[in-house]
Amino acid sequence: MIAKELISTKTIDIVVPCYNEEDMLEMFFTESKKILDTISNYSFKFIFVDDGSRDRTLKILMSLAEKWPQVSYISFSRNFGKEAAMYAGFKYTTGDYIIVMDADLQHPPAMIPDMIAEIEKGHDCCAARRTDRKGESKIKSSFSRMFYRLSNRLTDVNLVQGAVDFRIMTSQMVDSIMELSENQRFSKGIFAWVGFDTVWIPYHNIERPVGQSKWSFWGLFKYAIDGITAFSIAPLRMVTAFGFFISTCAFVYIIVTLIQTLICGIAVPGYVTTLSAVLFLGGIIEFSLGILGEYIGHIYIEAKNRPIFIIKETNIPLTKSSRRMKQEDNRE
Ligand code: UDP
Ligand code: MG
């Protein structure tokens, strides 16, 4: 009987990226565990990724791991960013299903049972989508909406408004995500790009109980540019189209001026017109160079092929036992 139950137990790994989360971690673990304890037939494992925190995050993770066998942690040598932390966490997962969620309880653990129920219906993924942006500044929200609209128009991947990095996926989907081993990662796009059948569960935004968001406005702006350039070359095409348009205008203008000169003689040169044209064209050239530069920058960083993260400490035995570690070795 017991053996039968063991066989039917599925394993779920929960990947949690953490950066300076000393105030949240214990609360997060207690709250999540409370919910997980009510779910039978599944065994859970936490993989916390300390993204080079400068507070007591790692110490707290170590003491949690000492107390609870289901807690694993990976600690980076410095801050590599949430994207790298998620990638590292995924790399060490071995479960049938994989959940990724934030450590600040903005992703309610109470949604986990519903997510599991959805994936058990045969979907590949169940993800959370916030229906409002309570507690967020108006400027941030409107920029975010603009980004989604622009990104969906320019790229092939369809980003869902309000999608957050809180989802459960089959190990097959995570395997596919790991196949995309690019250095500059934009997970929202990667999740959409790999395809698979995803159902969305809406929820109301929850404000962070303590601490503050690690995202600055500039950080989000850079993230948005990276997101678009990682999945589309439409901005490059726009530059070409713009160049073509300006050249056509210039050509028409030359012809018109030529005819005018032939008929009426040489006109008095317009200082303002010349200056405006020079400045306008200068601006467009700078803008175009900027777009080209973005792409060259991406190529430059990818060409270096540096590791996405560097582990300093972990309680996961770093043998080649992990399924995905093996995959990575084969690729090299
Ligand atoms: N995070 C991380 N590395 C970073 C920034 C954030 O691992 O460089 C983690 C953070 O600890 C949290 C999650 O990513 O678990 C989301 O971060 P945050 O709450 O700051 O972002 P927001 O909720 O504002 O999107
Ligand atoms: Mg948060």
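Residues numbered from 1 in each chain as written. Chains lettered and ligands numbered in written order. Predicted model: local features only at pLDDT ≥ 70, side-chain atom pairs only at ≥ 80, totals over all residues. Heavy atoms only, no water.

S.K.: Looking at this structure, how should I read the overall build of the protein chain?
M.R.: When helices and strands are tallied, the protein chain shows 12 helices and eight strands. Taking 20 Å as the expected radius of gyration for a compact globule of 332 residues, we find that the protein chain reaches 25 Å, considerably beyond that expectation. A burial count over the protein chain gives 42% of its 332 residues as buried. Here the contacts in the protein chain between residues at least 6 apart in sequence split such that 83% fall between residues at least 24 apart. A total accessible area of about 18,900 Å² is found for the protein chain, and carbon and sulfur atoms account for 62% of it. The averaged location of the 37 negative side-chain charges in the protein chain is 2 Å from the averaged location of its 37 positive side-chain charges. (Helix = DSSP H or I, 4+ residues; strand = E, 2+ residues; numbered from the N terminus. Rg over C-alpha atoms; globule rule 2.2 N^0.38 Å. Buried < 20%, exposed > 50% of the residue type's maximum accessible area, 1.4 Å probe, protein only. Contact = heavy atoms within 4.5 Å. Areas by Shrake-Rupley, 256 points an atom, 1.4 Å probe, with all protein chains shown as cover. Lys, Arg positive; Asp, Glu negative; His and termini not counted. Charge placed at Lys NZ, Arg CZ, Asp CG, Glu CD.)

S.K.: Quick question: what am I supposed to make of helix H4 (residues 82-91) here?
M.R.: In an α-helix there are 3.6 residues to a turn, and that puts residues three or four apart on one side. For H4, a buried count of nine out of 10 residues is recorded, marking the element as mostly surrounded by other parts of the structure. Among all positions of H4, only Glu-83, Ala-84, Ala-85, Met-86, Tyr-87, Ala-88, Gly-89, Phe-90 and Lys-91 are buried.

S.K.: I'm lost on the site of ligand 1 in this one. Help?
M.R.: Near ligand 1 lie 16 residues; those nearest to it are Glu-21, Asp-51, Asp-104, Ser-213 and Lys-214. Glu-21 places a side-chain nitrogen or oxygen 2.6 Å from an oxygen atom of ligand 1. Take Ala-103: an N or O atom from its main chain is 2.9 Å from an oxygen atom of ligand 1. In the complex, 87% of the free accessible area of ligand 1, which totals 530 Å², lies under the protein chains. Here the residues of the shell around ligand 1 sort into five nonpolar, four polar and seven charged. (Near = heavy atom within 4 Å. Polar contact = N/O pair within 3.5 Å; in protein donor to acceptor, adjacent residues only side chain to side chain. Nonpolar A, V, L, I, M, F, W, Y, C, P; charged D, E, K, R; others polar.)

S.K.: Teacher, can you tell me more about the environment of Glu-83 here?
M.R.: As for its position among the elements, Glu-83 is in helix H4. The class of Glu-83 is buried, set by a relative accessible area of 12%. For the pair Glu-83 and Glu-302, spaced 219 residues apart in sequence, the C-alpha separation works out to 15 Å. Contacts of Glu-83, omitting those with residues within four sequence positions, involve Arg-185, Phe-186, Ser-187 and Tyr-223.

S.K.: Looking at this structure, I do not really get the pattern of salt bridges. What am I missing?
M.R.: Working definition: two side chains of opposite charge can pair if their charged atoms are close together. In the structure shown here, the tally under the stated rule is eight salt bridges. Between Lys-33 and Asp-37 there is a salt bridge, with the nearest N and O atoms lying 3.1 Å from each other. Judged by relative accessible area, which is 15%, Lys-33 ranks as buried. Under the relative-accessibility criterion, Asp-37 is labelled exposed at 56%. Of the charged contacts, one joins Asp-165 and Lys-82 as a salt bridge, the two residues approaching to 3.1 Å between their closest N and O atoms. With Asp-165 in strand S6 (residues 163-170) and Lys-82 in helix H4, the pair connects residues that are 83 residues apart, well separated along the chain. Residue Asp-165 is classed as buried on the basis of its relative accessible area of 5%. The class of Lys-82 is partly exposed, set by a relative accessible area of 25%. Among the charged side chains, a salt-bridge network with shared partners connects Lys-82, Asp-102, Asp-165 and Lys-188. (Salt bridge = Lys/Arg side-chain N within 4 Å of Asp/Glu carboxyl O.)

S.K.: Just to check I follow, could you spell out the nonpolar core for this structure?
M.R.: Most often, soluble globular proteins have nonpolar side chains that are buried together. Formed by 39 residues in total, the largest nonpolar core has its most connected members in Val-16, Phe-48, Phe-166 and Ile-168. With 38 residues, the next largest nonpolar core counts Ile-74, Met-86, Tyr-92 and Ile-228 among its residues. (Core = buried A, V, L, I, M, F, W, Y, C linked by side-chain atoms within 4.5 Å.)

S.K.: Could you clarify how one ought to interpret the sheet that holds strand S4 (residues 97-100) in this entry?
M.R.: As a general point, the strands of a sheet are linked pairwise by backbone hydrogen bonds and lie either parallel or antiparallel. Ordered by their spatial adjacency, eight strands build an open sheet running S7-S5-S6-S4-S1-S2-S3-S8, and the pairing between neighbours is mixed. Of all the strands in the sheet, just strand S7 (198-203) and strand S8 (311-314) have a single pairing partner and so form its edges. Mean inter-strand twist for the sheet, computed between neighbouring axes without regard to direction, equals 20°. Note: strand S1 (residues 10-18) against S4, four bridges, orientation parallel. Residue pairing across strands places Ile-14 opposite Ile-99, the latter belonging to S4. Sheet strands in contact with H4 are S1, strand S2 (42-50), strand S3 (71-76), S4 and S6, and its direction is about 155° off that of S1. (Pairing = 2+ DSSP bridges. Axes fitted to C-alpha atoms, helices over the stretch in contact; angles between N-to-C directions.)

S.K.: Even after reading the chapter, I still don't get the pairing of S4, so can you show me in this structure?
M.R.: For a regular strand, side-chain orientation follows a simple rule: the groups alternate between the two sheet faces. On S4, burial covers both faces: Tyr-97 and Ile-99 on one face and Ile-98 and Val-100 on the other are all buried. Pairing of S4 with S6 involves four bridges; the strand directions are antiparallel. Bridging from a neighbouring strand, Tyr-97 pairs with Thr-170 of S6.

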